[in-house]
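# Structure at a glance
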Amino acid sequence: MTDLAAAWTQLEAAAQAARARRIADLFKTEPDRLDRLSVEAPELLLDLSKQPWSLAEAKIALALARAGGIEAARERQFAGEAVNPSEDRAALHMALRAPKGAAFQAKGQPVSAEIDATREGMAALAAAVRSGEKRGATGQAFKAIVHIGIGGSDFGPRLVWEALRPLSPQIELRFAANVDPADMALALDGLDPASTLVVVVSKTFTTQETIANALVARAWLRAALGQAGDAHLLAVSAAPDVAQAFGVPADQIFGFRDWVGGRYSVWSAVGLSCVIALGAEAFEAFLAGGRAMDDHFRAAPLEANAPVLLALAHIFNRDGLGRPTRAVVPYAQRLRLLPNFLQQLEMESNGKQVDIHGRPVARATAAAVFGDAGTNVQHAFFQLMHQGADIIPLDIIAVAEAAEGEPSNQTKLLANAIAQAEALMVGKPESEVRAELAGQGMDAAAIDVLAPQKTFHGDRPSSFILLQRLTPGALGALIALYEHKTFVEGALWEINSFDQWGVELGKTLATRILGELEGGPRGAHDPSTERLVSRLKA
Ligand code: F6P
């Protein structure tokens with residue numbers, strides 16, 4: 001048995017002990033639990049003390065991380081080695097948020113000078129648009145941007161904008177991702193082409209949805225402005241020649257390299273719309289927050305390393321206790337898109353059952369992630385979180401100081417965040433419910449029926465992440481925390497976190513069926529598919 005296999009066996013055995021014990025009781029037997037399972041990382045406090053592991057079991061999880069060679073894997077990634085072997089690529093998004101003048105290399109090739117130049121180019125463009133120096137085809141200043149992209153070319157910028165957008169932005173930023181025609185119709189509605197920039201973001205510049213939407217936007221610009229409308233097109237792509245062939249002026253195309261994975265690309269030129277709409281200074285602060293988390297990830301010992309511990313807590317639940325889902329609830333309206341972002345980050349990265357050597361993975365990998373903003377979700381899926389048949393670990397993200405709005409509402413929001421974590425863990429025993437009902441004068445037979453229904457078994461785990469304020473830096477640190485967490489999990493599962501072969505089959509079949517819906521030759525299908533094609537054929 002390898003060291004890693006033995007460490008997995010130990011973790012799985014250790015987790016069994018957690019089933020026979022309550023999390024809340026661990027605070028009584030482990031007086032230093034809170035300190036030992038809390039980390040002050042850049043821009044945030046991470047509290048993992050409400051997770052089901054004892055201190056001894058957390059140590060076993062750390063031994064797993066060591067046996068899995070996490071430190072060496074991390075250094076290989078930062079050194080720009082091909083940690084994405086199925087595509088023979090580095091995964092070097094950290095280079096995008098490095099200080100200017102850094103010396104990152106991807107597979108031995110220097111990359112930092114090019115990154116710095118792109119960042120400067122984006123900042124110059126943003127300044128020119130914001131000052132009105134750069135104007136549209138009819139001389140109007142730009143008032144709006146329509147950002148077109150999907151997946152990694154959408155989730156990150158959309159999250160950044162929602163999190164950081166000013167209340168009355170100088171430049172309105174809208175997003176269109178879905179090929180559903182309603183999405184573009186809504187994005188363009190009410191905008192004046194003469195004062196609108198269209199930013200088309202696609203690493204490949206071949207993605208069906210993005211190209212379809214870019215064609216709609218280009219036609220919309222040309223209908224109002226003629227061929228001069230193309231001057232309102234910007235592109236961000238790792239295939240700049242394809243973007244140019246589409247009609248985007250060469251000096252309005254911003255590049256990034258194939259070692260930037262889509263779901264890790266928000267730090268690259270993919271963030272261009274945000275650079276323009278928020279200003280380059282805010283975007284630089286966002287990068288600096290991510291960088292601070294990189295430094296922490298590289299320097300902090302594993303037992304005080306926030307991404308490592310967050311990953312291990314997840315693994316303890318997923319592999320040790322067999323929990324297939326996880327909820328993520330930001331108690332911050334501005335972070336309501338974080339769960340969507342994490343769905344791609346975690347599930348596209350680690351939703352795999354074959355390892356990096358082509359062998360079946362011996363255990364469960366990424367959990368299904370879902371969530372939305374608190375307190376809204378308390379009125380949606382929290383009934384199940386508290387009393388449902390499955391135990392669903394929860395990440396709570398809270399922000400201490402509100403940036404806007406009524407301060408007393410912020411206090412209520414925080415009270416709810418804290419209370420839910422406590423309620424999930426502590427629960428409400430049947431004895432207490434019975435005493436309460438008896439106190440209200442209920443008869444014994446009625447209590448027998450009602451008390452079990454009002455009982456909360458508790459012992460439901462959560463991680464608590466607390467930001468002081470939702471600054472660009474804090475947002476950067478939060479996203480980088482989850483990126484590194486995802487990397488650690490992938491490394492321990494020995495899977496490639498940076499490819500996504502699982503999205504290909506659906507794309508191929510959609511292309512084939514599109515041909516059939518448009519009147520092309522019919523292919524062979526199962527009877528259900530066949531009937532749907534027949535019914536929806538033009
Ligand atoms: O969803 C599949 C995917 O390939 C993602 O990995 C990627 O983020 C997205 O499509 C968009 O790809 P592109 O940026 O090339 O348009």
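Everything that follows concerns the structure shown earlier in this document.
Residues numbered from 1 in each chain as written. Predicted model: local features only at pLDDT ≥ 70, side-chain atom pairs only at ≥ 80, totals over all residues. Heavy atoms only, no water.

## Here we look at the sheet that holds strand E1 (residues 38-41)
Rules: At least two DSSP bridges between two strands are required for those strands to pair. Numbering of helices and strands runs from the N terminus; a helix is a DSSP stretch of H or I covering at least four residues, while a strand is a stretch of E covering at least two. Axis definition: a line fit to C-alpha positions, over the contact stretch in the case of helices; interaxial angles, taken between N-to-C directions, run 0 to 180 degrees. When checking whether two residues touch, look at their non-hydrogen atoms; a contact exists if any pair is within 4.5 Å.
The six strands lie next to each other as E1-E2-E13-E12-E10-E11, forming an open sheet whose pairing is mixed. In this open sheet, the two strands that pair with only one neighbour each are E1 and strand E11 (368-370). Averaged over all pairs of adjacent strands, the angle between their axes in this sheet comes to 15°, without regard to strand direction. Sheet topology places strand E12 (residues 394-401) next to strand E13 (residues 462-469); seven bridges connect them, and they run parallel. Among the inter-strand pairings, Glu 401 is bridged to a residue of E13, identified as Arg 469. This element, helix H17 (residues 407-426), spans strand E10 (325-331), E12 and E13 of the sheet and lies at about 150° to E12.

## With respect to the side chain of Asn 84
Definition in use: Think of it in three bands: residues with accessible area under 20% of the maximum for their type are buried, residues over 50% are exposed, and the middle band is partly exposed, with areas taken using a 1.4 Å probe on protein chains only. Distance and chemistry together define a polar contact, namely a pair of N or O atoms within 3.5 Å, with one atom able to donate a hydrogen and the other to accept it when in protein, and with adjacent residues in sequence counting only for side-chain atoms on both sides.
Its location among the elements puts Asn 84 in the loop between helix H5 (70-78) and helix H6 (93-96). Note on Asn 84: relative accessible area 2%, which makes it buried. Side-chain polar atoms of Asn 84 contact the backbone oxygen of Phe 498, separated by 3.1 Å. Contact partners of Asn 84, with chain neighbours within four places excluded, come to Arg 89, Asn 496, Phe 498 and Asp 499.

## A closer look at the pairing of E12
In terms of burial, E12 is largely enclosed, as six of its eight residues are buried. The pairing of E10 with E12 spans five bridges and is classified as parallel. Residue pairing for E12: Ala 327 is matched across the bridge by Leu 394.

## What about the side chain of Thr 196?
Along the polypeptide, Thr 196 turns up in strand E7 (residues 196-201). Looking at Thr 196, the relative accessible area reads 1%, which means it is buried. If near-sequence neighbours (up to four positions away) are discounted, Thr 196 is found in contact with Phe 142, Ala 144, Val 146, Leu 191, Trp 220, Leu 221 and His 232.

## Brief notes about the packing of helix H14 (residues 306-320) against helix H20 (residues 472-493)
For any two helices packed against each other, the geometry comes down to the angle between their axes and how far apart the axes lie. To keep things clear, this is the line we draw: Convention used here: angles under 35 degrees read as roughly parallel, angles over 145 as roughly antiparallel, angles from 65 to 115 as roughly perpendicular, and any remaining angle as oblique. In this scheme the crossing of two helices becomes right-handed for a clockwise turn of the near helix relative to the far one and left-handed for an anticlockwise turn of less than a right angle. Only Asp, Glu, Lys and Arg are considered charged in this grouping, and only Ala, Val, Leu, Ile, Met, Phe, Trp, Tyr, Cys and Pro are considered nonpolar; every other residue, Gly among them, is considered polar.
Their axes nearest at 8 Å, the elements H14 and H20 cross at an angle of 50°. One way to sum up the angle between H14 and H20 is to call them oblique. Crossing handedness for the pair H14 and H20: right-handed. Note on element contacts: H20 touches H14 through Leu 481, Tyr 482, His 484, Lys 485, Val 488, Glu 489, Leu 492 and Trp 493, opposite Ala 306, Pro 307, Val 308, Leu 310, Ala 311, Leu 312, His 314, Ile 315, Arg 318 and Asp 319. Among the residues making up the contact of H14 with H20, the classes are represented as twelve nonpolar, two polar and four charged.

## Examining the environment of Leu 517
Mapped onto the elements, Leu 517 comes out in helix H21 (residues 504-517). Separated by 499 residues in sequence, Leu 517 and Ala 18 have C-alpha atoms that sit 54 Å apart.

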